Amino acid sequence: MAAVVILGGGGLIALGLRDGSGGAGGGLLPSSLTLGDDDATPTASPTPTGPTPEELAAAAWAKKTKSLDTALKKLADTAPEFSVAVLDKKSGKTYTYRGTAKYDTASIVKVQVLACMLLKAQDADRDPSTGEMALAKPMIRLSDNNATTSLFTRLGGKTAVTKCNKRLGLTQTTVSSSWGLTRTTVTDQVKLLSDLVDTKGELDADSRKTAFTLMSSVDDAQDWGIPSIQKSGETATVKNGWDTRTADGGLWAINTIGRVVSDDTDVSVAVLSHDNQSMEGGITLVEKVAKLTRQYLKY
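Residues numbered from 1 in each chain as written. Predicted model: local features only at pLDDT ≥ 70, side-chain atom pairs only at ≥ 80, totals over all residues. Heavy atoms only, no water.

Going by the annotation in an unreviewed UniProt entry, the name recorded for the protein is Beta-lactamase class A catalytic domain-containing protein, with Winogradskya consettensis given as the source organism.

Following this line, the structure appears as structure tokens:
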């Protein structure tokens, strides 16, 4: 019986015990076999668990974004107004600084016009026509304004591009009949950049390839902004915008949007600014902002 007890009191209770008189089981256990607290099988303490990989990644991202916030706020104390957004396609993480502030697009609106042209061709189940591409190429590579006006008009102007923007999910962009005065945010601009590469989005593979080819082969004179953060082995796409208006006291709006891409990196960046004293000063500012995002977010 001692051996049975050692094997487990639960088995004794299930089988029943016979006392010394040979009576049926169900009587009290002898005091020597009573299972008190001291005799219970010890329960192992739970093994301590640390943060999950997801929690660690979230904490690391929060630390990076906090540091970047601090750096950008320090820059903003002495610089013209700017906003920036970053979308890391591989991690799915997004960063914005003044993400809902609106700016004139200047020539970065040409990427919207390009996307809408590509969608119009898709909807007609055809490739872009020779005439359309003859306008799209100088529009993106040379930032040709006359080509943009012609293509904008062929698409249907403000009404058509507004409808197209809704389809692309650009909820913070207001199209102007004078296309360069379209108003937008960095949040919408990284959404637009994402649309250009989203395999599940509105643009098909051929359209995405066309956009990438044009935006990765701009004229050398316009190869500033996002390409300034490009590392060895990466490809940069870009469209820049610059404009000065009497209404702004002759100050400059300087914008840059684009992506840096490699086997390990796929990041979209948009930097918008205005009230720059000169075009050169504005370029320096947007490139500095873009470089800070790379320094602190470590993409």
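1. Comments concerning the overall build of the protein
In terms of regular secondary structure, the protein is built from ten helices and seven strands. By the burial criterion, 44% of the 299 residues in the protein qualify as buried. The contacts of the protein with a sequence gap of at least 6 include a subset with a gap of at least 24, amounting to 63%. (Helix = DSSP H or I, 4+ residues; strand = E, 2+ residues; numbered from the N terminus. Buried < 20%, exposed > 50% of the residue type's maximum accessible area, 1.4 Å probe, protein only. Contact = heavy atoms within 4.5 Å.)

2. So, the pattern of salt bridges
The tally for this structure, following the rule as stated, stands at ten salt bridges. R245 serves as the salt-bridge partner of D104, at 3.0 Å between the closest nitrogen and oxygen. Of this pair, D104 sits in strand β3 (residues 103–104) while R245 sits in the loop between β5 (235–244) and β6 (252–261), and the two are 141 residues apart along the sequence. Overall, R245 belongs to the partly exposed group, its relative accessible area being 28%. Salt-bridge contacts for E202 lead to R167; the nearest nitrogen and oxygen are separated by 2.9 Å. With E202 in the loop between α8 (186–195) and α9 (205–215) and R167 in helix α7 (residues 157–168), the pair connects residues that are 35 residues apart, well separated along the chain. (Salt bridge = Lys/Arg side-chain N within 4 Å of Asp/Glu carboxyl O.)

3. Observations concerning the layout of surface pockets
The space that makes up the largest pocket amounts to roughly 160 Å³. C116, L119, K120, D123, L155, A160, K163, C164 and R167 together form the lining of the largest pocket. Within the lining of the largest pocket, the residues separate by chemical class into five nonpolar, no polar and four charged. (1 Å grid on protein atoms, 1.4 Å probe; cavity = no way out; pocket = protein on both sides within 12 Å on 5 of 7 lines; lining within 4 Å. Points joined across faces, edges and corners; volume = space filled by probe spheres on them. Nonpolar A, V, L, I, M, F, W, Y, C, P; charged D, E, K, R; others polar.)

4. Considerations on the state of the cysteines
Applying the stated criterion across every chain yields a total of one disulfide. One disulfide in the model links C116 with C164; its S-S distance is 2.2 Å. On the sign convention where negative means left-handed, the S-S torsion of about -100° between C116 and C164 marks this disulfide as left-handed. Of the two residues, C116 sits in helix α4 (residues 109–123) while C164 sits in helix α7, which places them 48 residues apart along the sequence. (Disulfide = S-S within 2.5 Å.)

5. Thoughts on the packing of aromatic side chains
If you walk through the whole model with that rule in mind, you get two aromatic pairs. Here the aromatic rings of F82 and Y97 are separated by 5.5 Å at their centres, their planes lie at 25°, and the arrangement is stacked. Of the two residues, F82 sits in strand β1 (residues 82–88) while Y97 sits in strand β2 (residues 93–97), which places them 15 residues apart along the sequence. Residue Y97 is classed as buried on the basis of its relative accessible area, which comes to 11%. (Phe/Tyr/Trp six-rings, centres within 6.5 Å; stacked < 30°, edge-to-face > 60°.)

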